[in-house]
Every structure is written in C-alpha cells, then in structure tokens.
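Each chain, written out:
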Amino acid sequence: MTHTNEKIYYIETYGCQMNVYDSELVSKMMEECGYKKGDDYRKADAIFLNTCSIREKAEETVHNRLENFQYLKKKNPSLLIGVLGCMAQNLKDDILDSKPYVDIILGPDSYRSIPKLLKDRTNKMNHLVDTKLSKYEIYDELFPSRNEGVNSWVSIMRGCDKFCTFCIVPFTRGRERSRPIDSIVNEIKHGVEEGFVEFTLLGQNVNSYNTPDGKFPELLDRVASIEGVKRLRFSSPHPQDVDDHMLEVMSSYDNICNHVHLPLQSGNDRILKRMNRSYTSNEFLILADKIKQYMPGCSITTDVIVGFPGETEEEFEDTLNVAKKVGFNFAFMFKYSSRPGTKASGYTDQIPEEIKQKRLERLIDVQLDNTLKQNKALVGKTIKVLVEKESKKSKEQWAGRTEGNMWVVFDKGSESVGDLIDVKIEDARGVTLFGINVNREYKYEVA
Ligand code: 5AD
Ligand code: SF4
C-alpha cells in the first residue's frame, strides 16, 4: 500500500529461464500502465507470482507463498494478487476453490490482457481467469523490462510438441511456435544498446525453431553477427534435433559459447523409450563425441531424472555409466515427480521415495566427480571469462563465467562488469574455478 499516487508492483518468479523472461514482459506492461517495480511485497499494490509446475515441490512452494499473502489482502482489500504461468494454466480450478483471495489467474499466453485488466479493475471486478493457450502468441514487438546484469534472456520460440511422458510443459505452455528472425534480431540490438553483452536464446526445444526465413542454425548465424554480442548462448536443444549445420555455425563463431546443454534424462534405452525421448543411449554418446569433434573442449551439461516409473537398479546404473562416459561438465539432477495429466503419471510401477532419494545421491556423487575432473583439467590454462558480479564471499573478488558456463572467482583489478577477460585458472574446488586475470599481472610488471 502506498500513500503517494505512484502504484507499486511486485513480482516473484519460480522455475525456468523462460519464466524469468516472461516476468520481464509482465514488468514492461506494468510499467507502461504507470506502476513502478518494488522489492517489498508488503508495500505493493499488485503482487504477481509467476509459477512453475515442472515438479510437485515447485507447486508446493507457490501454494505456501500465496497463503502468506492472504493477511495482506485482509488489510488492504484493493491489493491485487495474481497467479501467472504454468500453475495458473494447470491448477486454475484448484486455486479458485482454495484461495479466493487470488484476483487474477493468467496462463503463459494471456499476459497481454494485463493492461486492460488493470483499467477495468477500478470498476470493481470479480476474479479474472484467462488460461487459454494460443497457437500464435509469441509476444512479438514487446520489449521486456530487463533485470540488471550482463546477460539478457531472449525467447525465440514458445511451447513444446515433444510430449515426453513425464513432462507437463506441453500441457501448460501449449504448441510450439517460433518468433520471426527479424523480431529477435531487433530485440537483441535493443539489448546491446541497453548495455547487455551476453544473450541467451530460450525455448523448450530451441532447435525445433522453424520460420519461413530459416531454422535454428540460420538464426544463430544472424544473431552472432550482431555487433556488440560478446557472448551467445542457448537453452535447451533436444538431442534429436542437433544437426551438423547447427554445430558448424557454432564452431564458426567465436562469440557463440562452446557449450551445449543436452538433456540426457536417462541412460537406459527401455526407460528412454518409455519417456518418449526418441534416441538411444548409444546415439546420445555418439552425439556427445560429435559435438567435441566440432568444438574440442566444448562443455556439455545435462538434465537427468532418476526413479522414472519402472526404473530398475540396473537401468539406473546405465544412467550412471552414461554420465561417467560423457563426463558432463555439470548436471541438473531430479527425482521423478509425478505430474497429473501426463502419461507417466498413469504408470502403475512408481518408484518409492527412499529409492529415488538414494539414486539421486549416487548420481550426484558421480556428477560431482565429473565436474571436478573437468574443472581440474582447466588448471594452468588461460580461458575467457565474462566478468559478471562481485563474488559472494569477498568484496575484493569478481565472479564470472567461462564459455562452458562454470563460475570462476578471481581478485579484482581494473576490469569492470561486462568485460571479457583472460583468466589463468589456478585451482578447482567443488563446482567453482579460481584464477587470476592474466593482464592484471602484466600491469603490475610494467608499473
Ligand atoms: N519430474 C522430474 N523432473 C522433471 N523434469 C521435467 N519433468 C519432470 C518431472 N515430472 C526435468 C527434466 C527437464 C527439466 C527441465 O526438468 O529433466 O529437462
Ligand atoms: Fe518437456 Fe520433453 Fe518438451 Fe522438454 S522436450 S519441455 S522435457 S516435453
């Protein structure tokens, strides 16, 4: 609640990077409606939660958070509480029933209705629910209001048509649709003018990107040639759609990071088939090799699910073996979480929680070992690091990322945030690298 005329909005984002991007779109619309962003929800006139449905835990967190807001609404009945994103899509009835203090529920394709909704609200309205999914909405020509930092997220396609049997995304985000190349290029040029130096192209399956003007490799080519784009990343490709053309373009540009986030999900062929993942473990291994042939030293990171319905001990061990063979630089590892409405949630051979937990711990051990091995191999080498922010541990140090997306901590010198510098790696501990700015040393020598 504010006592000036200026209204404040507050937004909290859960889940994936696409949600971060979408929150920036919502911010833009709120600011165009005269609201200012605030970081204290207790002082806000409008509170939004941009939610995630990918696993049960993400949903629980949001339910708890919403309950916290209930008392604010009692104090200030004109407060607007909005649930956005995947849970809105998926759980609208549940939310309407159990949380009557939620005013608006908007699915991922309905954010354009926000300005009208704010206008109409002065005439006292009831709950507003809009969770229709669109075949067309790509939020074109709407420049997001960016969070600070060196990296800018750019959505290039929305939705997913793959229907992996564990995944709720095709239901919450709808069908695949791609944004025109020119519109993406415009947004990135705009981002460069705003001072961003790294751009991450986002989509549920970036390499299913398809427009009359070109597919994903053509898009990469166009974006990488924009002046001022110091680094280009993308997330995530589907192993099935990684082709030679994409790898050729990647290897021909210095500013496209030598990093592929390649979700494995499982290393066992029967489970992969049951997941509807359309590749075998062997095909995945061949692809990982091919990526390294095109880009020696390329970092490969992944997502893995343990305890998918029916997964036996041996099948789980196949996943451990593939993880060891590829030697992933980093992995996001999850216990399977049953999502009502997906095909796998109907499978009767669900795995008990304790077994999932044990498998997760074993996989984490293998992966920590992988990360440390890969990072130790960098000790003594000089690599490019983008200076991103102050290190959490010390004001005297910077933290930045390698092309492979690993964090490096090093002493501050004359470099600034956004600089791409040469860092000599001196140590690797946990998942972090430690180094020294090579040119900083040089400056001392001449001085
Ligand atoms: N349970 C656990 N993990 C899941 N993911 C997607 N759906 C589920 C689920 N039901 C993971 C996948 C995906 C990542 C974004 O989240 O590994 O790649
Ligand atoms: Fe989900 Fe599979 Fe689509 Fe990724 S490819 S969003 S895991 S259905």
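Since the model is a prediction, treat every value here as computed from it, not as a measurement. (Residues numbered from 1 in each chain as written. Chains lettered and ligands numbered in written order. Predicted model: local features only at pLDDT ≥ 70, side-chain atom pairs only at ≥ 80, totals over all residues. Heavy atoms only, no water.)

Q: Help me understand the side chain of Arg173 in this model?
A: Mapped onto the elements, Arg173 comes out in helix α5 (residues 169-173). Residue Arg173 is classed as buried on the basis of its relative accessible area, which comes to 3%. A polar atom in the side chain of Arg173 sits 2.7 Å from the side chain of Asn19. Ignoring sequence-local partners within four residues, the contact set of Arg173 consists of Met18, Asn19, Asp22, Cys86, Pro108, Asp109, Leu133, Arg158, Gly159 and Gln204. (Helix = DSSP H or I, 4+ residues; strand = E, 2+ residues; numbered from the N terminus. Buried < 20%, exposed > 50% of the residue type's maximum accessible area, 1.4 Å probe, protein only. Polar contact = N/O pair within 3.5 Å; in protein donor to acceptor, adjacent residues only side chain to side chain. Contact = heavy atoms within 4.5 Å.)

Q: What exactly am I supposed to notice about the site of ligand 1 here?
A: Inspection of the region around ligand 1 gives Ile54, Arg55, Phe166, Gln265, Asp303, Ile305, Phe334, Lys335, Tyr336, Ser337 and Arg339 as its neighbouring residues. Between a nitrogen atom of ligand 1 and a main-chain N or O atom of Phe166, the distance comes to 3.0 Å. A total of 400 Å² of accessible area belongs to ligand 1 in isolation, and the protein chains cover 86% of it. Taken together, the elements giving at least two residues each to the shell around ligand 1 come down to β15 (299-306) and β16 (330-335). In the shell around ligand 1, the residues fall into five nonpolar, two polar and four charged. (Near = heavy atom within 4 Å. Areas by Shrake-Rupley, 256 points an atom, 1.4 Å probe, with all protein chains shown as cover. Nonpolar A, V, L, I, M, F, W, Y, C, P; charged D, E, K, R; others polar.)

Q: Can you walk me through helix α3 (residues 86-98) in this structure?
A: Given 3.6 residues to a turn, an α-helix orients residues that are three or four positions apart in the same direction. Over its 13 residues, α3 runs 17 Å from end to end, which matches the ideal 18 Å to within 8%, given 1.5 Å per residue. At Lys92, α3 is deflected by roughly 80°, the largest bend along its length. Turning to α3, its buried residues are Cys86, Met87, Ala88, Gln89, Leu91 and Ile95. Of the surrounding elements, those touching the buried residues of α3 are β3 (46-51), α2 (56-75), β4 (80-85), β5 (104-106) and α5. (Expected span 1.5 Å × (residues − 1). Bend = angle between axes of the 7 residues up to and from the residue.)

Q: Which parts of the structure should I look at to understand α2?
A: Between its first and last C-alpha, α2 extends 31 Å over 20 residues, near the 28 Å set by a 1.5 Å rise per residue. Residues of α2 that are buried: Ala58, Glu59, Val62, His63, Arg65, Leu66, Phe69, Leu72 and Lys73. Among the structural elements, β1 (7-13), β3, β4, α3 and α4 (114-121) are those in contact with the buried residues of α2.

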